[in-house]
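# Breakdown of the fold
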Amino acid sequence: GAGVSQTPSNKVTEKGKYVELRCDPISGHTALYWYRQSLGQGPEFLIYFQGTGAADDSGLPNDRFFAVRPEGSVSTLKIQRTERGDSAVYLCASSKSGATYNEQFFGPGTRLTVL
Amino acid sequence: RKEVEQDPGPFNVPEGATVAFNCTYSNSASQSFFWYRQDCRKEPKLLMSVYSSGNEDGRFTAQLNRASQYISLLIRDSKLSDSATYLCVVNPPSNTGKLIFGQGTTLQVKP
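First, a word on what this report is: a plain description of the structure on this page.

Cut-offs used in this document
Residues numbered from 1 in each chain as written. Chains lettered and ligands numbered in written order. Predicted model: local features only at pLDDT ≥ 70, side-chain atom pairs only at ≥ 80, totals over all residues. Heavy atoms only, no water. 1 Å grid on protein atoms, 1.4 Å probe; cavity = no way out; pocket = protein on both sides within 12 Å on 5 of 7 lines; lining within 4 Å. Points joined across faces, edges and corners; volume = space filled by probe spheres on them. Helix = DSSP H or I, 4+ residues; strand = E, 2+ residues; numbered from the N terminus. Phe/Tyr/Trp six-rings, centres within 6.5 Å; stacked < 30°, edge-to-face > 60°. Buried < 20%, exposed > 50% of the residue type's maximum accessible area, 1.4 Å probe, protein only.

In this structure, the largest pocket encloses a volume near 770 Å³. Considering the residues around the largest pocket, the lining is formed by 32 residues, among which A:Gln37, A:Leu39, B:Gln38, B:Cys40 and B:Arg41 are closest to the centre. Secondary structure elements with two or more residues in the lining of the largest pocket: strand E9 (88–95) and strand E11 (110–114) of chain A together with strand E9 (84–91) and strand E11 (105–110) of chain B. At four residues, E11(A) tops the list of elements feeding residues into the lining of the largest pocket.

Our next topic: the packing of aromatic side chains. Following the criterion strictly, the structure yields twelve aromatic pairs over all chains and no others. Relative to B:Phe21, the ring of B:Phe11 lies with its centre 5.2 Å away and its plane at 85°, an arrangement referred to as edge-to-face. A residue pair is termed long-range when its members are at least 10 positions apart, and B:Phe11 in strand E2 (residues 11–14) and B:Phe21 in strand E3 (residues 19–25) qualify at ten residues. The interplanar angle of 65° and the centroid separation of 5.7 Å between the aromatic rings of B:Tyr36 and B:Phe101 together place this pair among those described as edge-to-face. Remark: B:Phe101 occurs in strand E10 (residues 100–101) and B:Tyr36 occurs in strand E4 (residues 32–38); sequence separation between them is 65 residues. B:Phe101 carries the same exposure label as B:Tyr36, and that label is buried. An aromatic cluster of at least three residues, connected via ring pairs, comprises A:Tyr33, A:Tyr35, A:Phe45, A:Tyr48, A:Phe106, B:Phe34, B:Tyr36 and B:Phe101.

Residue and element names in this part refer to chain A. Considering the arrangement of structural elements, one finds Leu112 in strand E11. By relative accessible area, Leu112 is classed as buried at 1%. The spatial distance from the C-alpha of Leu112 to the C-alpha of Lys11 is 4.9 Å, given a sequence separation of 101 residues.

Rendered as structure tokens:
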């Protein structure tokens, strides 16, 4: 079956611009996670959705970052006034539920470059 | 101190070698533990979960020592295809499944 998909695969933007990154989770998965990965580092947790609600947004670095999941399926990560330090691979993952034993399946990521 | 610490390597080993990776975690109340594998410019994929009793999957053996807050991964009879980054992953105490990743350990298996 189809895995987690993310669009765009690559995004190049200029400092100060607004970007939206999209994630399509595996059908039927209620839990959705956003992580970001900088070069040479492991993924860093950003936010977790259970259904439509953000159950844990403790990883969002500041208020320039926001994410939504209005219908409990597709999610969009929004970054305002981008900075060069936002450059990273943004990974989305989904799982059957938020239970810790459920495997998280990752999408291929969006590589964001802020010039 | 990082929540999950790993030696980034790289570990360069010949085919057929046995190699071990270690990882420590800081939160003693952490609930679940995993090893993920990540190929270059690809997404992480679950390799195996880690249990206190130790678990084995073919050539791979994972071990958890809760008293020392230490996780290990042993790979026997290394193959060229094992070359990748191995991420130590911990699920901290929370009501969510959020994962905390280590920096990753890079393995290069050479012919």
